[in-house]
Amino acid sequence: MAAESGVESRGQSTNLLGTLRRVIAGLGPFLVFLFLFVLLLILSPAFRSPTSLGLLLLESAAIAIVACGQTFVIMIGGIDLSVEAMVSFSGVTAAILIAGSNIAGGQVANGIPAIYAVLIAVSAGLLIGLFQGMLITLFRMNPLIVTLGFRSILLGISLVWTNGAGINIVREGITDTITSRIPLVGDWNLPMPFVIALTIYAISWVILRHMRFGRYAYAIGGNGEEASRLSGINVNRIKIMIYGISGLLAAIAGVLVMSRLRSGAYQNGTNMTLISVAAVVIGGTPLTGGKGGVWGTMIGVFIIRIVEQGMVYLSVPSNAKEIVVGVIIVLAVLLDVIRQGEITWLRLGKRRVET
Amino acid sequence: MAAESGVESRGQSTNLLGTLRRVIAGLGPFLVFLFLFVLLLILSPAFRSPTSLGLLLLESAAIAIVACGQTFVIMIGGIDLSVEAMVSFSGVTAAILIAGSNIAGGQVANGIPAIYAVLIAVSAGLLIGLFQGMLITLFRMNPLIVTLGFRSILLGISLVWTNGAGINIVREGITDTITSRIPLVGDWNLPMPFVIALTIYAISWVILRHMRFGRYAYAIGGNGEEASRLSGINVNRIKIMIYGISGLLAAIAGVLVMSRLRSGAYQNGTNMTLISVAAVVIGGTPLTGGKGGVWGTMIGVFIIRIVEQGMVYLSVPSNAKEIVVGVIIVLAVLLDVIRQGEITWLRLGKRRVET
Amino acid sequence: GMAQDNAETHYVGFVPPALTSPFHVAMVEGAMARAAELGWTLEVQAPASEGDFAAFVTTVEQLLEKGVEAISINPIGTDSAITAVLAANERGVPILAHNFITPFDQGEVVTYVGYDQWGGAESLAAYACELIAGKYGTTAAETTGQLFILEGIESIFSHRRTQGFEAGLEKNCPNVTVVGSQSAEWLRTRGQEVAGIALQQHPDIDVFYGNSDEMAIGAALAAQDLGLVINEDFFAVGIDGNQPTLDLLAGGEFSATLGVDPYRMGVTVIDAMAAHFAGEEVPQITLTPSVVVTPDNLAAYLAGDLWTTPIAGFPEYDNNLPTVPED
Amino acid sequence: MAEQNGDSILLEMRGITKRFPGVLALDRINLQVRPGEVHGIVGENGAGKSTLIKILSGVYQADEGEVIFKGQRVVHNNPRQAQIAGITTIYQELNQIPHLTVMENIYLGSEIMRGPFVDWPEMRRRSQTLLQKLRLEIDPAMTLGKLGVGQAQMVEVAKALHHKADLIIMDEPTAALSLTEIAYLFQIINELRDSGVAVIYISHHLEETFEICDRITILRDGQYIDTRPRDEMTMDDLIRMMVGRTLDEQFPKENVEQGNELLRVEGLNQGSRLKDVSFSVRAGEILGVAGLVGAGRTELLRAIFGADPIDSGKFFVNGQAVTIHHPRDAIRNGVALLTEDRKQQGLLLHLSTRQNISITVLDTLVRARMLIDRRRETELASKYVDSMAIKITSLEQLVRNLSGGNQQKVVLSKWIATQPRVLLFDEPTRGIDVGAKVEIYRLMNSFVAQGGAVVMVSSELPEILAMSDRIMVVHEGRVSGFLDRAEATQERIMELATGYSNQGSANAAQE
Ligand SMILES: Nc1ncnc2c1ncn2[C@@H]1O[C@H](COP(=O)(O)OP(=O)(O)OP(=O)(O)O)[C@@H](O)[C@H]1O
Ligand SMILES: Nc1ncnc2c1ncn2[C@@H]1O[C@H](COP(=O)(O)OP(=O)(O)OP(=O)(O)O)[C@@H](O)[C@H]1O
Ligand SMILES: [Mg+2]
Ligand SMILES: [Mg+2]
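A brief look at the structure comes next. In this text the structure is predicted, and so the values were computed from the model without any measurement. (Residues numbered from 1 in each chain as written. Chains lettered and ligands numbered in written order. Predicted model: local features only at pLDDT ≥ 70, side-chain atom pairs only at ≥ 80, totals over all residues. Heavy atoms only, no water.)

What about the overall build of chain C?
So, step 1. Each helix and strand counted, chain C has eleven helices and 13 strands in total.
So, step 2. Whereas a compact globule of 327 residues would reach a radius of gyration of roughly 20 Å, chain C reaches 20 Å, a difference of no more than 12%.
So, step 3. Counting across all 327 residues of chain C, residues that qualify as buried make up 65%.
So, step 4. Long-range contacts, defined here as pairs at least 24 residues apart, represent 73% of the contacts in chain C between residues at least 6 apart.
So, step 5. Of the roughly 10600 Å² of accessible surface on chain C, a fraction of 51% belongs to carbon and sulfur atoms.
So, step 6. Considering chain C, the positive charge centre built from 10 side chains and the negative charge centre built from 44 side chains are found 3 Å apart. (Helix = DSSP H or I, 4+ residues; strand = E, 2+ residues; numbered from the N terminus. Rg over C-alpha atoms; globule rule 2.2 N^0.38 Å. Buried < 20%, exposed > 50% of the residue type's maximum accessible area, 1.4 Å probe, protein only. Contact = heavy atoms within 4.5 Å. Areas by Shrake-Rupley, 256 points an atom, 1.4 Å probe, with all protein chains shown as cover. Lys, Arg positive; Asp, Glu negative; His and termini not counted. Charge placed at Lys NZ, Arg CZ, Asp CG, Glu CD.)

Looking at the coordination of the magnesium ion (ligand 3)
Residues and elements named next belong to chain D.
So, step 1. Each protein donor to the magnesium ion (ligand 3) is listed here as Ser50 (OG) and Gln92 (OE1); together their distances run 1.9 to 2.0 Å. Of this pair, Ser50 sits in helix H1 (residues 49-56) while Gln92 sits in the loop between strand S8 (87-90) and helix H3 (102-106), placing them 42 residues apart in sequence.
So, step 2. Residue classification places Ser50 among the buried residues on the basis of a relative accessible area of 17%.
So, step 3. The partly exposed category is assigned to Gln92, whose relative accessible area is 30%. (Donors = N, O, S within 2.8 Å, 3.2 Å for Na, K, Ca; no water.)

Brief notes about the nonpolar core
So, step 1. Ranked by size, the top nonpolar core spans 346 residues in total, and within it Phe208 of chain C together with Phe279, Phe305 and Leu424 of chain D carry the most contacts.
So, step 2. Apart from residues no more than four positions distant in its own chain, Phe305 of chain D is found in contact with Leu230 of chain B together with Ile324, His326, Pro327, Ala330, Ile331, Val335, Ala336, Leu337, Trp415 and Leu424 of chain D. (Core = buried A, V, L, I, M, F, W, Y, C linked by side-chain atoms within 4.5 Å.)

Focus on the site of ligand 1
So, step 1. Not every one of the 17 residues close to ligand 1 is listed here, only the nearest: Asn45, Lys49, Ser50, Thr51 and His204 of chain D.
So, step 2. Ligand 1 sits at a junction of chains, with neighbouring residues supplied by chains B and D.
So, step 3. Here Gly48 of chain D contributes a backbone N or O atom positioned 2.9 Å from an oxygen atom of ligand 1.
So, step 4. Within the contact set of ligand 1, an oxygen atom lies 2.7 Å away from a side-chain nitrogen or oxygen of Ser50 of chain D.
So, step 5. Here ligand 1 loses 87% of its free accessible area of 630 Å² to cover by the protein chains.
So, step 6. Broken down by element, the shell around ligand 1 gets its largest block of residues, three residues, from H1 of chain D. (Near = heavy atom within 4 Å. Polar contact = N/O pair within 3.5 Å; in protein donor to acceptor, adjacent residues only side chain to side chain.)

Thoughts on the sheet that holds strand S1 (residues 11-15) of chain C
Residue and element names in this part refer to chain C.
So, step 1. The seven strands lie next to each other as S2-S1-S3-S4-S5-S11-S13, forming an open sheet whose pairing is mixed. The sheet terminates laterally at strand S2 (41-44) and strand S13 (311-312), the two strands that pair on one side only.
So, step 2. Taken together, the four bridges between strand S5 (residues 112-115) and strand S11 (residues 285-288) define a ladder with parallel strand orientation. Within the sheet, the bridge partner assigned to Val113 lies in S11 and is Thr286. (Pairing = 2+ DSSP bridges.)

Digging into the coordination of the magnesium ion (ligand 4)
Octahedral metal centres with six donors ideally show angles of 90 or 180 degrees, and tetrahedral centres with four donors ideally show 109.5 degrees.
So, step 1. The magnesium ion (ligand 4) binds to the protein through Thr298 of chain D (OG1) and Glu340 of chain D (OE), with metal-donor distances spanning 1.9 to 2.5 Å. Of this pair, Thr298 of chain D sits in helix H9 (residues 297-305) while Glu340 of chain D sits in the loop between strand S20 (335-338) and helix H11 (342-346); the two residues are 42 residues apart in sequence, bridging distant segments of the chain.

A few points about the packing of helix H8 (residues 192-210) of chain B against helix H9 (residues 212-220) of chain B
Residues and elements named next belong to chain B.
So, step 1. Between H8 and H9, the least distance of the axes is 5 Å, while the angle of their chain directions is 70°. On the basis of their axis angle, the class for H8 and H9 is roughly perpendicular. For H8 against H9, the interelement crossing comes out right-handed. In this structure, H8 contributes Ile207, Leu208, Arg209 and His210 to the contact, and H9 contributes Arg212, Phe213, Gly214, Arg215, Ala217 and Tyr218. (Axes fitted to C-alpha atoms, helices over the stretch in contact; angles between N-to-C directions. Parallel < 35°, antiparallel > 145°, perpendicular 65-115°, else oblique. Left-handed = near helix turned anticlockwise from the far one by under 90°.)

What about the state of the cysteines?
All names here are of chain C.
So, step 1. Overall, the coordinates contain one disulfide over all chains when judged by the stated rule.
So, step 2. Paired through a disulfide, Cys129 and Cys173 show a sulfur-sulfur distance of 2.0 Å. Judged by the sign of its S-S torsion, about -55°, the bond between Cys129 and Cys173 is left-handed. Of the two residues, Cys129 is situated in helix H5 (residues 117-136) and Cys173 in the loop between helix H6 (156-172) and strand S7 (176-183); the sequence distance between them amounts to 44 residues. We note that Cys129, like Cys173, is buried. (Disulfide = S-S within 2.5 Å.)

Quick notes on the interface of chain A and chain D
So, step 1. Counting from both sides, the interface comprises 32 residues of chain A and, opposite them, 34 residues of chain D.
So, step 2. For the pairing of chain A and chain D, the buried interface totals around 2600 Å² over both sides, and the portion due to carbon and sulfur atoms is 54%.
So, step 3. One can count two salt bridges joining chain A with chain D.
So, step 4. Close ionic contact of Glu111 of chain D with Arg212 of chain A constitutes a salt bridge, the shortest N to O distance being 3.2 Å.
So, step 5. Inspection of the region where chain A meets chain D yields twelve residue pairs in polar contact (both at pLDDT 80 or more).
So, step 6. Contributing elements (two or more residues each) for the side of chain A that touches chain D: helix H8 (192-210), helix H9 (212-220) and helix H10 (225-230) of chain A.
So, step 7. Here the element with the most residues in the side of chain A that touches chain D is H9 of chain A; it accounts for five residues.
So, step 8. For the side of chain A that touches chain D, the class distribution of residues is eleven nonpolar, 13 polar and eight charged. (Buried area = accessible area lost by both parts, 1.4 Å probe. Salt bridge = Lys/Arg side-chain N within 4 Å of Asp/Glu carboxyl O. Nonpolar A, V, L, I, M, F, W, Y, C, P; charged D, E, K, R; others polar.)

Notes on the interface of chain A and chain B
So, step 1. Taken together, the 49 residues of chain A in the interface contact 51 residues of chain B.
So, step 2. In total, about 4300 Å² of surface goes out of reach between chain A and chain B, with carbon and sulfur atoms giving 71% of it.
So, step 3. Area buried by chain A at its contact with chain B is led by Phe139, Arg140 and Ile145 of chain A, which between them contribute 15% of it.
So, step 4. The interface formed by chain A and chain B contains zero salt bridges.
So, step 5. In this assembly, chain A and chain B are joined by three residue pairs in polar contact (both at pLDDT 80 or more).
So, step 6. Elements supplying a minimum of two residues to the side of chain A that touches chain B: helix H5 (114-138), helix H6 (143-162), H10, helix H12 (272-282) and helix H14 (321-339) of chain A.

With respect to the pairing of S7 of chain C
One face of the sheet, then the other: side chains in a regular strand alternate in exactly this way.
So, step 1. Here strand S6 (residues 145-151) of chain C pairs with S7 of chain C via seven bridges, running parallel. Each bridged residue has a counterpart across the sheet, and for Leu150 of chain C the counterpart in S7 of chain C is Gln182 of chain C.

Here we look at the environment of Lys18 of chain D
So, step 1. Position of Lys18 of chain D among the secondary structure elements: in strand S3 (residues 11-20).
So, step 2. Taking the C-alpha atoms as reference, Lys18 of chain D lies 5.1 Å from Asp63 of chain D; in sequence the two are 45 residues apart.

Interpretation note: all reported values are geometric properties and have no functional meaning in isolation.
Below you can see the structure in the form of structure tokens.
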């Protein structure tokens, strides 16, 4: 998170102090979230229920998974605009396989067990992601264009396969499991999609922080591509794999959304690209990559979601929502910037010198 | 265009030869366009008419103007996600002022002459752009987040003002002029919106290539921000002005779209952000900025438009369109990459290494 | 039943797919007005954009959490809203669907309120046949002519409206040719672009039919920009009947629209809720009327004179068959 | 094949030719390196030294010729293959990741693992040991970007050391090092030699090359000139072979009549980096600024130039008090800064030579009030290209593709074009060949001769001693003393720089 960008002054090599400073600096987006959360707790009685909190987690799960993949991609200085199309595509694929039919052509086969359908959809996501990664690295194509192209292609395929309708499924097996809730005490429970998201985040954190692959991702980002190559890192392979991860995670999210909605439709991923990118950036990973991390992204997702949900709890008129969302997004980042003391002219002479 | 990135060699200092090489290198995207254009001429008889060509120009005009502003922003390594919202906002503003009413509140005043309405809408675009630029530079906020926030805000305002309906206008005065056609010989004529776009491109080209401001824009992009500042350039001012230009041009495009559709509506700018960014990148300005230019962007717009229109001419089934668009976008860029010989492993040992 | 209901007040919810179109705004206004008359509190919440199904379901769940006593939703085209229906069922909160008459295969819905898109499109086609016949001074059954269809993005809405219209043509003016059918993505600007190109291929198109008015208006603009005169050289008809369209119709700049009176549809929804609260039997499908609005009957339409009492209707499926069985 | 002249050969490069579009960077180059040998490669900027070693380390592939390593013909297609084969490289352009920690940089590409995970404690421990060997007192867990250039360079050395390599290539390892660090490095190189590891050593510091290398290969303009044992030639021979002519003197100092005080700085404070710095410099004077790496010299120049905000301090130009908030203000007052980091801060790498030279004076090159006068811009650029003898193929050549010396001349041109009175010069000859160095000194001389003043920060004591009229020594952000040209010696400077003696005797020089 923001921590990594903090410049430490010479005197403060004391480890404890340094760690503390880092933690607080890294809390930036979290404080914004906390503020919004507490505000909503105070203002809305309806929000103060286990169900409401569960809903917040539930609604954050799929987009959090997408944003996790987006974090990997942005970490290496890339971008994946195809994620929302991948969410739709994977949901449609799984739904068609489960239902054994599509709207366009009626019954195509007998449905296959949900678990296989899901595995096929998710593998497809991985493969398509890897393929995009290959175009981007081996052919040196611009990631923005490649993923924009695949966005069209995947949405187009979803549209053709479904003829614009949703493919209905009945939840069974895995699609049932992944939409269940894990009861805690009393009325409290954890929605399974969020548990899945949390698991993915924990794994991603381990990969990024404690495994070679992840460290290379950090190294490649922030303009470190050439230096990484000279150090003997197989940069292309890392990049290809990262686009694969993004495809994979978006496909997993697609299955979750589809299972939750019991329907695979080409609209299932609506808005997810922009939201995921915004969550990554709000969470402290810059578009040039090289620093930040997944937990910041999760906070970013929560900030966006709590703003959206908060407006329903507070009965903000629906057509004013966009304005409120926009203002809060800008303010949230503004607050964070001010807190970090990044603005020279607000405190002349204390400027942090870039190296 | 790509020209500027070409590595020049010692032997070829002859100016004529150098220029020729540069021109051919710069033709990249243009060749792709030419190919698609000729293909369509061959395949579709209906395309071979003065009116059809006029339609291509006409339909390219507004998005070309938006993409021109986007080129400025991307030139300095920024991005403006608010353009599509600005197109809607400016159209809605102008329409409300002209019609003297909005759907939400009925008659709000007597309409004012179109020219004033247009001036107000366009000035608003400029001011909002400048304001975004200030947030981005003075508060060091991430341009992606700021412009994303303003996208929401401007769309939200458009929605609230119109209640989701379009505000109808009757074309008169300037709104009539800017939608007219300038007759050439015989059936041939030039649509006024395209003439406006062309004028804006010519001015932008002069600014970027022949004025200090433009030179500074090139200097700031491509990671040259610190070196530019240390050369005495007022980097902040240039950046603020460039976001202003983007706002201004998007607002002009908004007025054009509104005049053509005779309606200021929330949806008027749909898709324009992604298309404009894609056009800039396809046209040879990298997302890091510092090289490229507006003419490349115009070619980028034409490529996207001819693909879209081509599908109507060729009666491609509606639901397959997205797929075709995606494939063509990826192929177009792939062709260009291969032409430039950027791909090492296709010609091992001849690798051009970036420094 | 109504009288005793008036005494008690209710807190109910209303969830459009988004409030980005005047159609939904009008429906909300009708529902609001009726709820106010009854002394109820109506809470309207919608996702920021159409198609955000997950946000749609969440919004419903949030309203349930806020304690609405009944809720009406407008699912768009897919069955993703089943999740919302089941959530309401689970809590025992009555749920209605509006502007949607395709029953879900799971869950209990009090009633589906909406109009027959196929039938509406069919009658609009009949009127289009008249227009063409009028232009050529012959009868509908005999007239030839060219017609171009602007489709919305693939969905049950675009399918029903296209297919119903084609059925109407077949029935009323079988010699009219559909020279093209292309998507204009529900947008006026795309309608304009697609129609401009269509006119290059088929300069003699007599009628542009849009799955939505907006696309047809775009087509009319494109034709006018090419020097053609609306209602003389060509006609433009569409579906929705929103205020901007009605304004154009009044100004002679549009030919006909299928008016479905969203305002009164909104009123109907609240009435259906009231009936349910009162313990009255509500039909599974509450079919509201649709009527071809032309410059001639525009005033009557605006006055509500063309509105007929909703009746029990038939469910609509994306099956290439009329919604209301033909005898 | 491996045995020649009775000596064993570790590496042999034969007839290596490498072309870049239009440039023949290497023309049939030969090189032989023996095990346990320190082999120097010298040549002017652009001679092809880096290109040659990049072929060895797998960054480039030769167009012609063969490489024989440990008796086997090898082609390294990427740096990884070279590493595995036993060749490690310290590249001229630091190939470091500033946003990662020191230890990660050291072990980048060969992390210490425990199962699938990075073994942080072990990596930290081993880094610590390595750094201690180099006498670097830094926390391996700190972010590399926070280090100064010198320390970062030493980390790069540490990175090369942990590989068990047979051949270590060092391309300008000392460019950013101070004397003490260079001494440590040489100690390490000697140890490597003793253990049988071969080292290829590239440097523009010819004294160093002489000191540490056993044999030296000379390249000129992509051509192989000769390979000779150190003992069989003199410095003059070496320079003659490098430049193709003799150099009269390495430091052509000219004494200039001193005039008015041009710049005075009073009580400059900036956080913990600059404390109460005061000094002045006169027309015709070159003020040398010496100090240890990290003493705050760069910060001082940046602060004067308005590149970073300050807490307090007064500036006087030509006796007039001036306010400087932005580099623009400094430029307007006739002050120019040539930054230490040429590539990131001095040059617009993505623009052409013409555009780089004119960027500071575009205001004066406009016609019709707003258009850049391309003709005058070209004239201006050509003027400087000629007068500074900048070697380029055309004015439109991207500065990214120029050699270091020529890049420095481009930077100098863009500042001279502003007709400054005071040049702030941070490490003016870093990475620049002997010939070009002399040219830069000459340019400095002519600048002061015309009534300008130079403040020259340099870590090269010989340069400071030879070129300065007066020397200011900085220690931990404070001025620890001034020395007159006459009384200055390396020892006196080092005393002040390390803080042993707190007030220099020549404080009087500060009036
Ligand atoms: N990637 C490249 N593309 C084009 N020309 C290049 C490239 N790299 C180097 N050159 C050219 O090849 C020649 C040799 O450059 P090289 O970097 O090997 O010189 P060098 O001896 O290392 O110089 P220096 O002492 O300045 O480091 C120069 O003319 C340089 O401009
Ligand atoms: N923002 C910062 N925070 C903490 N330390 C910093 C910061 N910027 C620079 N430093 C450190 O302050 C010291 C002074 O830096 P400066 O570059 O001025 O030294 P210098 O005398 O010019 O030495 P060098 O030869 O390394 O350039 C360096 O050790 C540098 O790492
Ligand atoms: Mg070199
Ligand atoms: Mg320094």
